[in-house]
Amino acid sequence: MNQILHIKNMVCNRCKMTIINLLDDEGYELESIQLGKIVVKEQSSNDYARLETQLNALGFEVIKDSTKALVEKIKINLIQHIEKNDTDEILGKLENEIGKSYSTLSKTFSKSEGITLEKYFINLKVEKVKEYIQLQELNFSEIAYSLNYKNSSHLAKQFKQITGMSMSNYKNLYNHKRKGLDKIV
């Protein structure tokens, strides 16, 4: 039999590697891992309380509530789409991939996180814009295009609204202030 654990803040491949290493060190037999979810083989030697403590020490959290698990699934789904530059018609994709209506997803997310799903998604895109600016590989128009904005002025307006500064001012900063993907809300 397998044990499924939903994990909060597992938002990238480095997170997955950290958890894989922890499970290996603790003698767990990993069946599968994907962002936000691990499946381990049930063994009598498994000490889930100890594992949970160790995950917490690394900045992760075992999610035991189904609503919180759904919210984490929404976040991970959106992060994956941002990373793939696949943000066109995202809300329809979200419905299909999670298997719940947008209305249900939106209400659940807003109630749990205190921010609308749309605002969260904009915050994710702004963090991606910051990454692009730091990499200095794309100009502002190319960044806007890659994130499916109709034009760069719409992106610039959202960026300033979220950060309080223009993209040009951000580009000229010595110390770029970015949030971790697990800290966006």
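The following refers to the structure shown. (Residues numbered from 1 in each chain as written. Predicted model: local features only at pLDDT ≥ 70, side-chain atom pairs only at ≥ 80, totals over all residues. Heavy atoms only, no water.)

1. Some thoughts on the overall build of the chain
Rules: Secondary structure elements follow DSSP: runs of H or I no shorter than four residues count as helices, runs of E no shorter than two count as strands, and numbering proceeds from the N terminus. We call a residue buried when its accessible area falls under 20% of the maximum for its residue type, exposed when it is over 50%, and partly exposed in between, using a 1.4 Å probe and counting protein chains only. Contact definition: two residues touch when any of their heavy atoms are within 4.5 Å. Only the protein chains shown count as cover for residues, and the accessible areas themselves come from Shrake-Rupley with a 1.4 Å probe. Note on charges: Lys and Arg go in the positive column, Asp and Glu in the negative column, and His and the chain ends are not counted at all. Where a charge sits is defined by one atom per residue type, namely NZ (Lys), CZ (Arg), CG (Asp) or CD (Glu).
Helix and strand content of the chain: nine helices and four strands. Sequence-ordered secondary structure for the chain, helices as α and strands as β, is β-α-β-β-α-β-α-α-α-α-α-α-α. Its C-alpha atoms give the chain principal-axis dimensions of about 60 × 40 × 25 Å. Counting over 185 residues, the chain shows a buried share of 38%. Contacts in the chain between residues at least 24 apart in sequence constitute 60% of all its contacts with a sequence separation of at least 6. As displayed, the chain offers around 10,700 Å² of accessible surface, 46% of which is attributable to carbon and sulfur atoms. Mean positive and mean negative side-chain charge positions of the chain (27 and 24 charges, respectively) differ by 8 Å.

2. Some details on the nonpolar core
This is how it is decided: Definition of nonpolar core: a set of buried residues of the types Ala, Val, Leu, Ile, Met, Phe, Trp, Tyr and Cys, connected through side-chain atoms within 4.5 Å.
Counting 35 residues, the largest nonpolar core has Ile7, Met10, Ile19, Ile74 and Leu78 as the members making the most contacts within it. Of all the elements, helix α3 (residues 66–83) adds the most residues to this core, at seven residues. Not counting chain neighbours up to four residues away, the residues in contact with Ile74 comprise Leu94, Ile98, Leu105, Phe109 and Leu117. Val129, Tyr132, Ala144 and Met167 belong to the second-largest nonpolar core, a separate cluster that totals 13 residues.

3. Some words on the sheet that holds strand β3 (residues 37–41)
Quick reminder of the rule: Two strands pair if DSSP finds at least two bridges between them. For every element, the axis is a line fit to its C-alpha atoms; helices are fit only across the contacting stretch, and the angle between N-to-C directions ranges from 0 to 180 degrees.
Taken in spatial order, the four strands line up as β2-β3-β1-β4 in an open sheet, and their pairing is antiparallel. Of all the strands in the sheet, the pair left with one neighbour each is β2 (30–34) and β4 (61–63). Averaged over all pairs of adjacent strands, the angle between strand axes in this sheet comes to 30 degrees, irrespective of strand direction. Sheet topology places β2 next to β3; four bridges connect them, and they run antiparallel. For Gln34, the partnering residue across the bridge sits in β3 and is Lys37.

4. Regarding the packing of aromatic side chains
Definition in use: When two rings of Phe, Tyr or Trp (its six-membered ring) have centres within 6.5 Å they constitute a pair, described as stacked for plane angles under 30 degrees, edge-to-face for angles over 60, and tilted for the intermediate range.
The full count for this structure, using the stated rule, is three aromatic pairs. Judged by centre distance (5.1 Å) and plane angle (55 degrees), the ring pair of Phe109 and Tyr120 falls under tilted. Taken together, the residues Phe109 in helix α5 (residues 102–113) and Tyr120 in helix α6 (residues 117–135) connect sequence positions eleven residues apart. Residue Phe109 shares its accessibility class with Tyr120, and that shared class is buried. For the pair Phe159 and Tyr170, a centre-to-centre distance of 5.7 Å together with 70 degrees between the ring planes defines the contact as edge-to-face. Within this pair, whereas Phe159 is found in helix α8 (residues 152–163), its partner Tyr170 is found in helix α9 (residues 167–171), the two being separated by eleven residues in sequence.

5. Describing the environment of Gly164
Secondary-structure assignment places Gly164 in the loop between α8 and α9. Given the relative accessible area of 58%, Gly164 is considered exposed. Separated by 49 residues in the primary sequence, Gly164 and Ile115 have C-alpha atoms spaced 18 Å apart.

6. Focus: α6
Filter applied, for reference: Here the expected span of a helix is defined as 1.5 Å times the quantity of residues minus one.
With 19 residues, α6 extends 27 Å from end C-alpha to end C-alpha; this agrees with the ideal 27 Å at 1.5 Å per step. Taking burial as the measure, the 19 residues of α6 include 14 buried ones, the bulk of the element. Downstream of α6 by one or two residues, Gln136 has phi in the positive range, about 55 degrees.

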